[in-house]
Amino acid sequence: MLKRLKKGLWNYRNVILIVLIPLLLLPLPVVAGTKEAECAFVLLLMATYWVTEVIPLSMTAMLPAILFPMFGIMKSSSVAKEYFKDFHFLLVGVTCFATSIEKWGLHRRIALRLVTMVGVNPAWLMLGFMTVCAFLSMWVQNTSAVTMVMPIVEAVLQHILKAKEGGCAGQDNPNLHITLRDVDSTLFIILLFLQKLTTILKFRSKHDLMVCKAICISIAYSSNIGGITTLPGTSPNLIFSEYLNQIYPNCSCINFGNWLLLCLPISVIMLLLTWIWLHWLFISSEFLWRCGGEKSEKERAARKVIEDEYKSLGPMSSQEIFTGVIFLVMVLLWLTRSPGFVPGWASLFPHSNSGYISDATVALLLGLLFFIVPAYGPSRKYAAMISWKEFQASMPWKVALLVGGGFALAEGTKESGLSLWVAKLMTPLGDLPVLATIAVACIIVTMVTEVASNAATITIFLPILSPLAEAIHVNPLYVLIPTTLCTSFSFLMPVSNPPNAIVFAYGHFHIMDMVKAGLGVNVIGVLAVLLAVATWGVPLFSLDTYPDWAPVLPGFNSTTP
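What counts as what
Residues numbered from 1 in each chain as written. Predicted model: local features only at pLDDT ≥ 70, side-chain atom pairs only at ≥ 80, totals over all residues. Heavy atoms only, no water. Helix = DSSP H or I, 4+ residues; strand = E, 2+ residues; numbered from the N terminus. Buried < 20%, exposed > 50% of the residue type's maximum accessible area, 1.4 Å probe, protein only. Contact = heavy atoms within 4.5 Å. Areas by Shrake-Rupley, 256 points an atom, 1.4 Å probe, with all protein chains shown as cover. UniProt positions renumbered as here; feature names shortened; annotations may be inferred. Core = buried A, V, L, I, M, F, W, Y, C linked by side-chain atoms within 4.5 Å. pLDDT = per-residue confidence, 0-100. Bend = angle between axes of the 7 residues up to and from the residue. Polar contact = N/O pair within 3.5 Å; in protein donor to acceptor, adjacent residues only side chain to side chain. Salt bridge = Lys/Arg side-chain N within 4 Å of Asp/Glu carboxyl O. Phe/Tyr/Trp six-rings, centres within 6.5 Å; stacked < 30°, edge-to-face > 60°. Lys NZ or Arg CZ within 6 Å of the ring centre and 35° of its normal.

Examining the overall build of the protein
(1) Moving on: The helix and strand inventory of the protein stands at 27 helices and zero strands.
(2) Moving on: Burial analysis of the protein (561 residues in total) assigns 55% to the buried set.
(3) Moving on: In the protein, 78% of the contacts between residues at least 6 apart in sequence involve partners at least 24 apart.
(4) Moving on: For the protein, the exposed area adds up to about 24,900 Å²; of that, 67% sits on carbon and sulfur atoms.

Structure follows, in structure tokens:
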């Protein structure tokens, strides 16, 4: 009865917010009556709905298709064009690759092989799993990477806990295949936490519990850290790249290669410092390299289960080999398409300088091969490497719609003149040091992304931050790149992003454990990003000069880094 009452109150709360928020914002279009005010109404309404999640995120993204034509900001046909961009083709191609990895178990082979190489001491085991998860997150969605790695982690942890004589490891966790529908429910996470609390209390060794906490939290964090390394690694990166093409069509300075050069050192720095921080916080304050000596019974048991799991995979299958080859070819083609310092292979095609070929072209071409190449030899019935049903199950349609709404919102701010109005409003910020302005923007974005989805956060802030950069006459990349990266730093709570929620559902740690750990990782992340854009990022993207492809707004303060 009480449960039904709470559910009813929650539904009424949503209905009240859905009705109340537009009423509170209504004076903007009614009183002001300008196109800028009407677009600001749509922007604030979407931002509030995205943060509160009173309706599904993807349906909030549909509001520009309804409100922009009604306000006369954009035609319905023009808005519709913004919902499917080059980003979506890249997402489709990468999802085909991710589907094949998961179907044929290549991720298990990579994970188990790497973990056997680093050993089973808790510190090195944690680093091994973090490295695997970060590497997978570079090429597939963060959520997919965590769902691939966590069942392996859980199996190892269970054997470690059962190895101690007289110890009680609790029951095997049945929630190994949690879905995104579960992740989206805050109430589900809370109830699952209470249910798993009894399992946590059964651990007799505090050290065992701390090892489980550290390793599980590290998996969630490493997926976010690895995701920032490549453009297709996480949604905010792709949204930023497409936004740049949309708002600054003459900007061709962002590609797979130079993004990797910028972000790979950031990821390595963050991964190592996060590893040290989690080890110090949960496991031991002793030096990490003091791990020699005779292996404990639990370590021997963990090594045995990892080796047994790896042996059970058998020799590498032809399907795994094909998937691995496609992966190598895809990365090679991305790196050599347009490296910048020499002509890439795209120059062999006509109109190559006009941006006809992009990373999405490569991803889509190779993704198509998974639907054509037979999975088995001629002796068996023809079946492709992946099926449409398998692809549909892996394709993040919610993200695709959410991003489309963000592109429509960005175009609306440009057409209505709202972006120019915001730029003029922010002109006084030109008197501050540029790095201070960027640091404030990064901190704000990092705070907001803890309570809103990463994709929604970057979609809200991009139309605000690019006019800010123009207003203070700073290279837009100097502001947009660090804030885009900080959008992925949602480390504080299980509901901050799906990877956090999936790991939390295994029941090995409390919410406060993640809050304590996340505060430190947030500081590490922001400082690493600021270090990158202030040092090796400057020559890489010419951040110290105002580019020709960005508009010059007369009468604004000029500031250079």
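Looking at the side chain of threonine 323
(1) Moving on: Inspection of the secondary structure puts threonine 323 in helix 17 (residues 318–336).
(2) Moving on: By relative accessible area, which is 1% here, threonine 323 ends up buried.
(3) Moving on: Those residues in contact with threonine 323 that sit more than four places away from it in its chain are Phe97, Ser100, Ile101, Trp104, Leu106, Phe370 and Met385.

Thoughts on the UniProt feature "transmembrane region" (unreviewed entry) in the protein
(1) Moving on: In the numbering used here, UniProt assigns the feature "transmembrane region" (unreviewed entry) to residues 48–71, 121–140, 259–280, 316–335, 356–376, 434–465 and 517–538.
(2) Moving on: Helix makes up 80% of residues 121–140 and strand 0%, and the two end C-alpha atoms of the span are 28 Å apart.
(3) Moving on: As annotated, residues 517–538 comprises 91% helix and 0% strand, and the C-alpha atoms at either end are separated by 31 Å.

With respect to the nonpolar core
The tendency in soluble globular proteins is for nonpolar side chains to be buried side by side.
(1) Moving on: If you look at the biggest cluster of nonpolar residues, it comprises 167 residues, and the most contacted ones within it are Phe129 and Ile481.
(2) Moving on: Take this core: its biggest share by element is twelve residues, from helix 15 (residues 256–283).
(3) Moving on: Contact partners of isoleucine 481, with chain neighbours within four places excluded, come to Phe240, Ile254, Trp259, Leu262, Val533 and Phe541.

A word on the confidence of the model for the protein
(1) Moving on: Across the protein, pLDDT averages 79, with 82% of residues at or above 70.
(2) Moving on: Of all secondary-structure elements in the protein, the lowest mean pLDDT belongs to helix 11 (residues 180–183), at 38, while helix 24 (residues 476–486) reaches the highest, 94.
(3) Moving on: Every residue in residues 285–294 is under pLDDT 50, and counting partners more than four places away or in other chains gives ten contacts.

Some points on helix 15
(1) Moving on: Of all the bends found along helix 15, the most pronounced is centred on cysteine 263 and spans about 30°, while proline 265, a proline, follows it within four residues.
(2) Moving on: If you check the start of helix 15, you find a side-chain oxygen 3.0 Å away from the backbone N of glycine 257, and it comes from asparagine 255.

What about the pattern of salt bridges?
(1) Moving on: Applying the stated criterion to the full structure yields five salt bridges.
(2) Moving on: For arginine 109, the salt bridge identified is with glutamate 320, shortest N-O distance 2.8 Å. Of the two residues, arginine 109 is situated in helix 8 (residues 106–118) and glutamate 320 in helix 17; the sequence distance between them amounts to 211 residues. The pair formed by arginine 109 and glutamate 320 is uniform in burial state, with each residue classed as buried.

Details of unusual backbone geometry
The phi torsion of most residues other than glycine is negative, and most of the peptide bonds are trans.
(1) Moving on: Phi is positive for histidine 473, close to 55°, though the residue is something other than glycine.
(2) Moving on: Tracing the backbone shows histidine 473 in the loop between helix 23 (454–471) and helix 24.
(3) Moving on: Phi is positive for serine 542, close to 55°, though the residue is something other than glycine.
(4) Moving on: You can see serine 542 is positioned in the segment after helix 27 (537–541).

Considerations on the environment of serine 267
(1) Moving on: Here serine 267 is to be found in helix 15.
(2) Moving on: Between the alpha carbons of serine 267 and glycine 525 there is a distance of 8.8 Å; along the sequence they are 258 residues apart.

A few points about the environment of tryptophan 334
(1) Moving on: As for its position among the elements, tryptophan 334 is in helix 17.
(2) Moving on: Among the residues examined, tryptophan 334 registers a relative accessible area of 2% and is labelled buried.
(3) Moving on: For the pair tryptophan 334 and phenylalanine 256, spaced 78 residues apart in sequence, the C-alpha to C-alpha distance is 6.0 Å.
(4) Moving on: Look past the residues within four positions of tryptophan 334 in its chain and what remains in contact with it is Leu90, Val94, Trp139, Pro232, Phe256, Asp359, Val362 and Ala363.

Quick notes on the packing of aromatic side chains
(1) Moving on: Across all of its chains, the model carries 21 aromatic pairs by this definition.
(2) Moving on: Judged by centre distance (4.9 Å) and plane angle (80°), the rings of tryptophan 139 and phenylalanine 327 are edge-to-face. Of the two residues, tryptophan 139 sits in the loop between helix 9 (122–137) and helix 10 (142–163) while phenylalanine 327 sits in helix 17, which places them 188 residues apart along the sequence. Neither residue differs from the other here; tryptophan 139 and phenylalanine 327 are each classed as buried.
(3) Moving on: Between the aromatic rings of phenylalanine 504 and phenylalanine 509, the centroid separation amounts to 5.6 Å while the plane-to-plane angle is 65°, which identifies the pairing as edge-to-face. The same class applies to phenylalanine 504 as to phenylalanine 509, namely buried.
(4) Moving on: Cluster of aromatic residues (ring-pair linked, three or more members): Phe97, Phe135, Trp139, Phe256, Phe327 and Trp334.
(5) Moving on: Just above the ring of tyrosine 376 sits the side chain of arginine 380; from NZ or CZ to the centre is 3.9 Å.

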